[in-house]
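# Architecture and fold: a report
Listed below are the residues making up each chain.
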Amino acid sequence: MNVLGIETTCDETAASVVMPGEDGRGRILSNEVLSQIAEHAAYGGVVPEIAARAHVEVLDRLVARALDRAGMSLSQVDGIAVAAGPGLIGGVLIGLVTAKTLSLVARKPLVAVNHLEAHALTARLTDGIGFPYLLLLASGGHTQLVAVKGVGDYVRLGTTVDDAIGEAFDKVAKLLGLGYPGGPEVERMAETGNPERFALPRPMLGRREPNFSLSGLKTALRIEAERLAPLSSADVADLCAGFQAAVVDVVVDRVRVALREFGSIAGHPTALVAAGGVAANGAIRRALTTQANEAGLAFVAPPLSLCGDNGAMIAWAGIERLRLGLVDDLTAPARARWPFAEAAASA
Ligand code: KG4
Ligand code: ZN
C-alpha cells in the first residue's frame, strides 16, 4: 500500500509517499518539504495570506517531485491523504482541493487527516510502537498530553490554558530580538547561558491536573529583560537558558502527573512519546528520556526531520486509517479548528 501525503496547514508545504514496512514501521519513499520560513521571517511569525499564496505556488510541483523520488506515478498510489485541518484555512483549502482533485482524476481513495492525529501517530511510523502510549504533543499552536489508545481513540489528559510551548518559545525569541521560528534560536542561545541567573517561575508545578500555563513565565522573563535593557548577548543567553530550564521543569512535572493518571484511563503505556515541533528541543528530549527510563518506559521522539510539519506523517496517518477502512469523500470539509482528542472525564 503506497499512500501520498499532503501537508499545507501552516508554513511548510510538504508531500511524501509512504508504504507500510514489514516490521510494523513505515517506509518513507520520499519526503519533500518546502519551508516558507524566509517569506515570514520579516514579520516575526506566519502571515496567513502569504502562506496560502506560497502553498499554491509550489504544491503541484512538490507533489510531482515526491512521486518522482518515490519512483512512481499517480496511478501506482493506493490512496491520497491530506491534512484537512486544524490550521490556517487558506493553506488547508489549497491542500484539500489539490488532494480531492488528484483523488477524483486518478480514482484513488481520499483520506482527510487531522494534522494533530498525524503528529500523534508518527511514533508508529518511525518506531512501530503499539498502543497505548502517553503522548506529549507540543507545537506552535498546541500543547497537549494525550492517552493514545488506538487509531481514532485519543483521550486528552491535559492541555495549556494559555500559550502553546512552541508559541512561548517564539514570543520569547521575538522579545529578545532573535529570529523566527524562535524554538531553535532560543535553544541555541541557551547552550551558552546560565539557567540559574534569573529566578523564573514554574507555572502549574505540582497541580493535580496535567495542564500547562506559559504566560506567567513569559511575563516574568519580559520583566527581567526590560529591567536589564539594553541586553548584552550574555544577558540574552542567560534569559534563554533560564526560560528553557523552566519549561523543562514544567514539562517533566506535567508528564509525571499524566503518567499517574494514564493507568486508570488506558492501562499500562508502551512508551512515552513526544511529537510536534517542540519535540526537536534537545533539553526537553534529554529530560524526557531520563524520566521515561526512571518509569521503566521507552522514550520515543521522531528524528528532527519528522518533528516539524511534514508529508510523511500525513501519509502514515492515511495508511493507518485506510487499513481500518476509514475513507473520506469529496464532501470532506477544511477545518481551521479540529480537536482530535476527547477530554478525559476528570480534565
Ligand atoms: O509542529 P510544528 O512544526 O508546527 C505547528 O505548529 O504545527 O511546530 C513549530 C513550533 C514553533 O513554535 C517552533 O518554535 C517550535 O515548534 N520549535 C521548537 C524547536 N524547534 C521548533 N521549540 C523549542 N525548541 C526547538 N528546538
Ligand atoms: Zn504541526
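Conventions we followed
One numbering rule holds for all chains: residues counted from 1, following each sequence as written. Just so you know, chain letters begin at A and ligand numbers begin at 1, following the order they were written in. Residue-level local features of this predicted model are given only where pLDDT is at least 70; pairs of side-chain atoms are given and counted only at 80 or more, and the full residue set underlies all totals for whole chains, interfaces and linings. Side-chain metrics in this entry use all non-hydrogen atoms of the structure; hydrogen atoms and water are not considered. UniProt positions are given in the numbering used here, feature names are shortened, and annotations may be inferred rather than shown by experiment. In this description, the term disulfide denotes a pair of cysteine sulfurs within 2.5 Å. We call a residue near a given molecule or strand whenever any one of its heavy atoms falls within 4 Å of it. N or O atoms within 3.5 Å of each other form a polar contact, as long as, within protein, one can give a hydrogen and the other can take it, and as long as residues adjacent in sequence are counted only when both atoms are side-chain atoms. In these tables, accessible area is a Shrake-Rupley quantity obtained with a 1.4 Å probe, and a residue counts as shielded only by the protein chains included in the view. Three residue categories are used. Nonpolar comprises Ala, Val, Leu, Ile, Met, Phe, Trp, Tyr, Cys and Pro, charged comprises Asp, Glu, Lys and Arg, and polar comprises the others, including Gly. Per-residue accessibility, obtained with a 1.4 Å probe over protein chains only, is compared with the maximum for each type, and a residue is labelled buried under 20%, exposed over 50%, and partly exposed between these values. The secondary structure listing takes helices from DSSP runs of H or I that are at least 4 residues long and strands from runs of E that are at least 2 residues long, numbered from the N terminus. Pairing between strands requires that DSSP locate at least two bridges from one strand to the other. Place the viewer so that the strands point away; then a crossover is right-handed whenever the path from the first strand over the helix to the second strand goes clockwise. Residue contacts follow a heavy-atom distance rule, with two residues in contact if any of their heavy atoms lie within 4.5 Å. All axes here are fitted lines through C-alpha atoms, helices being fitted over the stretch that makes contact, and every angle between N-to-C directions spans 0 to 180 degrees. Under the convention used throughout, the expected extent of a helix is 1.5 Å for every residue step, that is, one less than its residue count. What is called the bend at a residue is the angle between a pair of axes, fitted to the seven residues leading up to and ending at it and to the seven starting from it.

Going by an unreviewed UniProt entry, the chain carries the name tRNA N6-adenosine threonylcarbamoyltransferase and comes from Methylobacterium marchantiae. In UniProt, the chain has this text filed under Subcellular location (unreviewed entry): "Cytoplasm". Under the UniProt heading Sequence similarities (unreviewed entry), the note attached to the chain is "Belongs to the KAE1 / TsaD family."

### Notes on the state of the cysteines
Tallied over the entire structure, the rule returns 0 disulfides. Cysteine 307 supplies the cysteine sulfur nearest to cysteine 240, a cysteine that is in no disulfide, at a spacing of 20 Å. The structure places no disulfide on cysteine 307, whose sulfur is separated from the nearest cysteine sulfur, that of cysteine 10, by 15 Å.

### Comments concerning the site of ligand 1
Looking at ligand 1, there are 21 residues lining it, with Gly140, Asp170, Gly183, Glu187 and Asn281 nearest. At 2.7 Å, a side-chain N or O of glutamate 187 approaches a nitrogen atom of ligand 1. Considering ligand 1 on its own, with 550 Å² of exposed area, one finds that the protein chains cover 87% of that surface. Its residues placed into classes, the shell around ligand 1 shows 5 nonpolar, 12 polar and 4 charged.

### Some remarks on the pairing of strand 5 (residues 110-113)
Taking every second residue as pointing to the same face, both faces of strand 5 are buried, with Leu110 and Ala112 on one and Val111 and Val113 on the other. Relative to strand 5, strand 4 (residues 79-83) is paired through 4 bridges, and the arrangement is parallel. Paired with isoleucine 80 across the two strands is leucine 110, which belongs to strand 5. Regarding the hand of the β-α-β motif, the stretch spanning strand 4, helix 3 (residues 89-106) and strand 5 is right-handed.

### Regarding the UniProt feature "binding site: Fe cation" (unreviewed entry) in the chain
Following the UniProt record, the feature "binding site: Fe cation" (unreviewed entry) maps to His115, His119 and Asp309 here. A maximum C-alpha distance of 8.7 Å places the annotated residues, which cover 195 residues in sequence, within one compact spot. Of note, histidine 119 is situated in helix 4 (residues 115-127). Look at histidine 119 and you get buried, because its relative accessible area is 1%. Setting aside residues up to four positions removed in sequence, histidine 119 forms contacts with Leu137, Ala275, Gly276, Cys307, Gly308, Asp309 and Met313. In this structure, aspartate 309 sits in the loop between helix 10 (304-307) and helix 11 (311-323). A relative accessible area of 15% places aspartate 309 in the buried class. Sequence-distant contacts of aspartate 309, that is, excluding residues within four places in its chain, are made with Glu7, Thr9, Cys10, Glu12, Val33, His115 and His119. A distance of 3.1 Å separates a polar atom in the side chain of aspartate 309 from a polar atom in the side chain of histidine 115.

### Focus: the sheet that holds strand 8 (residues 153-159)
Picture the strands of a sheet paired through backbone hydrogen bonds; they go either parallel or antiparallel. If you trace the 6 strands from one edge of the open sheet to the other, you get 10-9-6-7-8-11, paired in mixed fashion. Looking at the sheet topology across the chains shown, the edges are occupied by strand 10 (298-300) and strand 11 (342-343). Judged from the 3 bridges that link them, strand 9 (residues 271-275) and strand 10 form a sheet pairing that is parallel. Within strand 10, the position partnered with valine 273 by the bridge is valine 300.

### Quick word on the sheet that holds strand 1 (residues 3-7)
One open sheet accounts for 5 strands, arranged 3-2-1-4-5; its pairing is mixed. Of all strands in the sheet, those bounded by a partner on one side alone are strand 3 (26-35) and strand 5. Adjacent strand axes in the sheet meet at a mean angle of 15° when their direction is disregarded. Set on the sheet, helix 3 makes contact with strand 1, strand 4 and strand 5; between it and strand 4 the angle comes to about 170°.

### Focus: the side chain of glutamine 36
Locating glutamine 36 in the fold gives a position in the loop between strand 3 and helix 1 (37-41). Contact partners of glutamine 36, with chain neighbours within four places excluded, come to Cys10, Asp11, Thr13, Ala51, Ala54 and His55.

### Regarding helix 2 (residues 48-69)
The α-helix winds at 3.6 residues per turn, so residues separated by three or four positions along the chain end up facing the same way. The terminal C-alpha atoms of helix 2 lie 29 Å apart, and with 22 residues this matches the ideal 32 Å at 1.5 Å per residue to within 8%. Remark: the principal bend of helix 2, roughly 45°, maps to valine 58. Ala51, Ala52, Ala54, His55, Val58, Leu59, Leu62, Val63, Ala66 and Leu67 are the residues of helix 2 that are buried. Among the structural elements, strand 1, strand 2 (12-20), strand 3, helix 1 and helix 3 are those in contact with the buried residues of helix 2. Two residues or fewer past helix 2, glycine 71 is found with a positive phi of approximately 75°.

### Description of unusual backbone geometry
A cis geometry characterises the amide bond from tyrosine 180 onward to proline 181, with omega recorded as -5°. Tracing the backbone through its elements, the reader meets proline 181 in the loop between helix 5 (165-175) and helix 6 (182-190). Of note, the amide linkage connecting alanine 229 to proline 230 takes the cis form, showing an omega dihedral of 0°. Among the structural elements, proline 230 can be located in the loop between helix 7 (215-228) and helix 8 (233-266). Of note, arginine 107 is a non-glycine position whose phi angle comes to about 55°, a positive value. You can see arginine 107 is positioned in the loop between helix 3 and strand 5. With a phi close to 80°, methionine 204 is a non-glycine residue in the positive phi region. Locating methionine 204 in the fold gives a position in the loop between helix 6 and helix 7.

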